[in-house]
Amino acid sequence: MDIDGLLKSARLTGPHLLGKSGHELNPASWMYERIVKSIIDFEEKLDPNLEIGARLVSFASSEIIHIDDVGYWGPDIIKFYGKNADGNPVELMQHMSQLSVLLVAVKPLAEPRRIGFVLKGKLEAEDDRSADEE
């Protein structure tokens with residue numbers, strides 16, 4: 001069995017998992033869902049000339065990233081992908097217990113982007129996969 005198959009079978013089997021929801025099995029998934037919904041809500045209120053960014057509260061107060069994507073590495077890591085103010089790629093891996101991110105409106109590096117609809121599609125696809133596994 002390959003490592004992906006091993007991880008999948010380990011995650012989805014065992015008497016200690018009976019009756020548990022997907023969010024109980026993978027709290028990072030639940031945190032990811034709440035972050036995506038927060039991003040969608042925030043973007044709906046943005047001026048069309050701005051895009052979503054994040055101030056990383058636990059780092060230097062001036063460090064802001066332009067968010068391109070959000071993900072998770074279950075059960076406890078949240079990942080933010082984007083670019084810093086200079087346009088260089090950044091990737092933040094943060095343990096859920098240390099997550100403090102301030103969503104901010106930022107001037108875009110190029111054309112303003114909206115990532116909420118992309119993240120919403122990913123979230124819906126994940127929900128569909130979870131339903132198929134049950």
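The paragraphs below set out a description of the structure included in this document.

Reading guide: rules and limits
- Residues numbered from 1 in each chain as written.
- Predicted model: local features only at pLDDT ≥ 70, side-chain atom pairs only at ≥ 80, totals over all residues.
- Heavy atoms only, no water.
- Helix = DSSP H or I, 4+ residues; strand = E, 2+ residues; numbered from the N terminus.
- Buried < 20%, exposed > 50% of the residue type's maximum accessible area, 1.4 Å probe, protein only.
- Contact = heavy atoms within 4.5 Å.
- Areas by Shrake-Rupley, 256 points an atom, 1.4 Å probe, with all protein chains shown as cover.
- Salt bridge = Lys/Arg side-chain N within 4 Å of Asp/Glu carboxyl O.
- Pairing = 2+ DSSP bridges.
- Axes fitted to C-alpha atoms, helices over the stretch in contact; angles between N-to-C directions.
- Phe/Tyr/Trp six-rings, centres within 6.5 Å; stacked < 30°, edge-to-face > 60°.
- Expected span 1.5 Å × (residues − 1).
- Core = buried A, V, L, I, M, F, W, Y, C linked by side-chain atoms within 4.5 Å.

**Section: the overall build of the protein chain**
Item 1. Scanning the protein chain for helices and strands turns up 4 helices and 5 strands.
Item 2. Secondary structure elements of the protein chain, listed N to C terminal, follow the sequence α-α-α-β-β-β-β-β-α.
Item 3. Looking at the protein chain as a whole, 30% of its 134 residues qualify as buried.
Item 4. Intrachain contacts of the protein chain at a sequence separation of at least 6 include 59% that bridge at least 24 residues.
Item 5. Put simply, the protein chain shows about 8,600 Å² of open surface, and 55% of that area lies on carbon and sulfur atoms.

**What to know about the side chain of Asn-26**
Item 1. Mapped onto the elements of the fold, Asn-26 is located in the loop between helix 2 (22-25) and helix 3 (27-44).
Item 2. Given a relative accessible area of 11%, Asn-26 falls into the buried group.
Item 3. Ignoring any residue separated from it by four or fewer positions in sequence, one finds Asn-26 in contact with Tyr-72, Gly-74 and Pro-75.

**A few points about the pattern of salt bridges**
Item 1. What the rule picks out here adds up to 4 salt bridges.
Item 2. In this structure, Asp-41 engages Lys-45 in a salt bridge whose closest nitrogen and oxygen atoms are separated by 3.0 Å.
Item 3. Note on Asp-41: relative accessible area 38%, which makes it partly exposed.
Item 4. The exposure class assigned to Lys-45 is exposed, which follows from its relative accessible area of 63%.

**With respect to the sheet that holds strand 4 (residues 89-95)**
Item 1. Read from one edge to the other, the open sheet built from 5 strands follows the order 4-3-2-1-5, with strand pairing classed as antiparallel. One side of each edge strand has no neighbouring strand; the edge strands of this open sheet are strand 4 and strand 5 (101-106). Neighbour-to-neighbour, the strand axes of this sheet turn through a mean angle of 40 degrees, independent of strand direction.
Item 2. Sheet topology places strand 1 (residues 51-56) next to strand 2 (residues 64-73); 3 bridges connect them, and they run antiparallel. Bridge assignment links Gly-53 to a residue of strand 2, and that residue is His-66.
Item 3. Strand contacts of helix 3: strand 1, strand 2, strand 3 (77-83) and strand 5, with the helix running at about 145 degrees to strand 2, the strand carrying the most contacts.

**So, the packing of aromatic side chains**
Item 1. Scanning the model with the defined rule gives 1 aromatic pair in all.
Item 2. Arranged with centres 5.2 Å apart and planes meeting at 50 degrees, the rings of Tyr-32 and Tyr-72 form a pair that is tilted. Within this pair, whereas Tyr-32 is found in helix 3, its partner Tyr-72 is found in strand 2, the two being separated by 40 residues in sequence.
Item 3. On the basis of relative accessible area, Tyr-32 is assigned to the buried category, the value being 3%.

**Looking at helix 3**
Item 1. In this model helix 3 runs 26 Å from its N-terminal to its C-terminal C-alpha over 18 residues, within 8% of the 26 Å that 1.5 Å per residue would give.
Item 2. Regarding helix 3, the residues found buried are Ala-28, Ser-29, Met-31, Tyr-32, Glu-33, Ile-35, Val-36, Ile-39, Ile-40 and Glu-43.

**A short note on the nonpolar core**
Item 1. Counting 22 residues, the largest nonpolar core has Ile-35, Ile-67, Val-70, Ile-78 and Phe-80 as its most contacted members.
Item 2. Where this core is concerned, the elements lending two or more residues are helix 3, strand 1, strand 2, strand 3 and helix 4 (116-133).
Item 3. In terms of residues, this core owes the most to one element, helix 3, which gives 7 residues.
Item 4. The contact partners of Ile-78, leaving out residues within four places of it in the chain, are Ala-28, Met-31, Tyr-32, Ile-35, Gly-71, Tyr-72, Leu-92, Met-93, Gln-94, Met-96 and Leu-99.

Coordinates in, geometry out; function isn't part of it.
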